[in-house]
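Coordinate analysis (summary)
So the chains spell out like this:
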Amino acid sequence: MSDPSPQVPEGESSTSVTRPKSSMASSSRRQRRERRFRRYLSAGRLARAQALLQRHPGLDVDAGQPPPLHRACARHDAPALCLLLRLGADPAHQDRHGDTALHAAARQGPDAYTDFFLPLLSRCPSAMGIKNKDGETPGQILGWGPPWDSAEEEEDDDASKEREWRQKLQDDASRDSQEPESFSAWSDRLAREHAQKRQQQRAAGSCRPPRAEGASHSWRQQEEEQRLFQERAKAKEDELRDSRARRAQEARGGRGPEPARAGPRAEQPGGAGRGSLWRFGDVPWPCPGGGDPEAMAAALVARGPPLEEQGALRRYLRVQQVRWHPDRFLQRFRSQIETWELGRVMGTVTALSQALNRHAEALK
């Protein structure tokens, strides 16, 4: 007798067996490449890491424990962090402890704030509200009084007000079902409710001044920074004016005691007074000495009004956009900057202006 079971063709059976093997092999290859990518980052071979990701664009740059962004923060490796952000790494990605890259950067202390925390914050501001498994946000690790907690408090206040209103409606309904109250009882009830309302308003007023004081403090700090900026610019202008007057006096006086006191610099043709002009580090940047334009723009935004005050923050950004506009900056300070530093300074000003424009667009 012949076997009634259907015969499976030989080609189909081999295909069904090899498909899972091929998928497992591709997954294994991808994991090996991701490990190689992380090894390149740890060894500082950033060009090799970028080339590997360009050849295999499907690799996950956030894979690994701890993730690459967390490792870069822990090693204080700013070039690796910038490369990962440029390749699309997610600052909100959490490790097995629930920490994001902002948590890792906040634990590195004040030295890592400008080079690590601010670039991550400007790339993903919403990550500031993410809590780890210990219930901590990056702002709490830094020691801020985070506005993200105040939003939760406002939600609790709204819920309590809603509960009080519903209770009042229920009380009114129960009183309506009973016998009508007399005029004296009605007036006494209104007086009690009015006294309770005044007491609640007084208590709420006593809790509000710290927030107003904090907001006024931030504005006072901004005005103080603006005053220091103007004083520094005026001092540079005065120094430049004195230098020009001194050069003109030396040119009119010819050989005299003042050129002799000038020392070796007077012997250099056209070199007198050049020390009073601005170099790159003398420009009153938002961060002392300059730095990454994205970090400087994020620092300017952090000094402004809080994110909840959208109108005030937009007005503040408009002032900063006008101040750091390349044409406006060049018109005001071109004569005060060293000629050989002008290209570098204007390149940084242009990048800073573009970063401020992106922050302003994000608020619309």
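Preceding this section is the structure that the text describes.
Position numbers for residues start from 1 in each chain and track the written sequence from start to end. Under the rules for a predicted model, residues below a pLDDT of 70 receive no local features and side-chain atom pairs below 80 are neither given nor counted, while totals for whole chains, interfaces and linings still include all residues. To obtain the side-chain values, all non-hydrogen atoms of the structure were used and water was disregarded.

**Examining unusual backbone geometry**
Under the convention used in this document: Helix and strand definitions here come from DSSP, where helices need a minimum of 4 consecutive H or I residues and strands a minimum of 2 consecutive E residues; each element is numbered from the N-terminal end.
A cis amide bond links glutamine 65 with the next residue in sequence, proline 66, at an omega value of -5 degrees. Residue placement: proline 66 occurs in the loop between helix H2 (46-55) and helix H3 (68-74). For histidine 76, which is not a glycine, the phi torsion comes out positive at approximately 55 degrees. Tracing the backbone shows histidine 76 in the loop between H3 and helix H4 (78-86).

**Examining helix H15 (residues 342-362)**
Basically, it comes down to this: To estimate the expected span of a helix, subtract one from its residue number and multiply by 1.5 Å. Contacts were defined at the residue level, with two residues in contact if any of their heavy atoms lie within 4.5 Å.
In this model H15 runs 30 Å from its N-terminal to its C-terminal C-alpha over 21 residues, within 8% of the 30 Å that 1.5 Å per residue would give. Buried residues along H15 sit against helix H6 (113-123), helix H12 (293-303), helix H13 (310-323) and helix H14 (326-333).

**Topic: the nonpolar core**
Short version of the rule: Grouping buried Ala, Val, Leu, Ile, Met, Phe, Trp, Tyr and Cys residues that are joined through side-chain atoms within 4.5 Å yields what is termed a nonpolar core. For the exposure calls, accessible area comes from a 1.4 Å probe over protein chains only, and a residue counts as buried if that area is under 20% of its type's maximum, exposed if over 50%, partly exposed in between.
With 60 residues, the main nonpolar core has Leu120, Trp324 and Phe329 as its most contacted residues. Residues within four places of tryptophan 324 in sequence aside, it is in contact with Phe229, Pro284, Trp285, Pro286, Leu300, Phe329, Val349, Leu352, Ser353 and Leu356.

**A few points about the pattern of salt bridges**
Formally: Salt bridge criterion: a side-chain nitrogen from Lys or Arg within 4 Å of a carboxyl oxygen from Asp or Glu.
Across all of its chains, the model carries six salt bridges by this definition. For aspartate 77, the salt bridge goes to arginine 75, with nearest N and O atoms at 3.3 Å. In this structure arginine 75 comes out as partly exposed when scored by relative accessible area, which is 35%.

**Looking at the environment of leucine 363**
Examined against the element boundaries, leucine 363 turns out to sit in the segment after H15. Given the relative accessible area of 16%, leucine 363 is considered buried. Considered as a pair, leucine 363 and leucine 317 are 46 residues apart in the sequence and their alpha carbons are 10.0 Å apart. Ignoring any residue separated from it by four or fewer positions in sequence, one finds leucine 363 in contact with Gln310, Leu313, Arg314 and Leu317.

**Structural notes on H13**
To be explicit about the condition: For this quantity, the arc is that covered by the directions from the helix axis to the C-beta atoms.
If you check H13, its first and last C-alpha atoms are 20 Å apart, about what 14 residues at 1.5 Å a residue would give, namely 20 Å. Those residues of H13 that sit buried are Ala312, Leu313, Tyr316, Leu317, Gln320 and Arg323. Around the axis of H13, the buried residues are gathered within 135 degrees of arc, so they sit on the same side.

**Details of the packing of aromatic side chains**
For any two aromatic rings, the description comes down to two numbers: the centre-to-centre distance and the angle of the planes. Heads up, the condition is: Centre distance within 6.5 Å is the pairing criterion for rings of Phe, Tyr and Trp, where only the six-membered ring of Trp is used; planes under 30 degrees apart are then read as stacked, over 60 as edge-to-face, and the remainder as tilted.
Tallying each qualifying case throughout the model produces five aromatic pairs. Ring geometry for phenylalanine 329 and phenylalanine 333: centres 5.0 Å apart, planes at 55 degrees, overall tilted. With a gap of four residues between them, phenylalanine 329 and phenylalanine 333 both fall in helix H14, about one helical turn apart. Here the aromatic cluster, defined as three or more aromatic residues joined through ring pairs, consists of Trp278, Phe280, Trp285, Trp324, Phe329 and Phe333.

**What about a positive patch on the surface?**
Formally: A residue counts toward a patch only above 30% relative accessible area and without a salt bridge, and it is joined to like-charged neighbours within 9 Å or, for Val, Leu, Ile, Met, Phe, Trp and Tyr, to nonpolar neighbours within 5 Å. Note that accessible areas follow from Shrake-Rupley with a 1.4 Å probe, and for residues the cover is restricted to the protein chains shown. Note on charges: Lys and Arg go in the positive column, Asp and Glu in the negative column, and His and the chain ends are not counted at all. Throughout, a charge is located at the NZ atom of Lys, the CZ atom of Arg, the CG atom of Asp or the CD atom of Glu.
On the surface, a cluster of positive charge is made up of Arg29, Arg32, Arg35, Arg36, Arg39, Arg45, Arg48 and Arg55. With five residues, helix H1 (residues 10-43) is the largest single contributor of residues to the positive patch. On the secondary structure map, arginine 45 appears in the loop between H1 and H2.

**Thoughts on the side chain of aspartate 95**
Just so we agree on the cut-off: Between N or O atoms, a polar contact is any pair within 3.5 Å; within protein, one atom must be a potential hydrogen donor and the other a potential acceptor, and residues adjacent in sequence are included only when both atoms are from side chains.
Note that aspartate 95 resides in the loop between H4 and helix H5 (101-106). An unpaired buried charge is present at aspartate 95: no salt bridge exists, and arginine 107, the closest side chain of opposite charge, is 6.6 Å distant. Polar contacts involving the side chain of aspartate 95 include one to the main-chain amide nitrogen of aspartate 99, which spans 2.8 Å.

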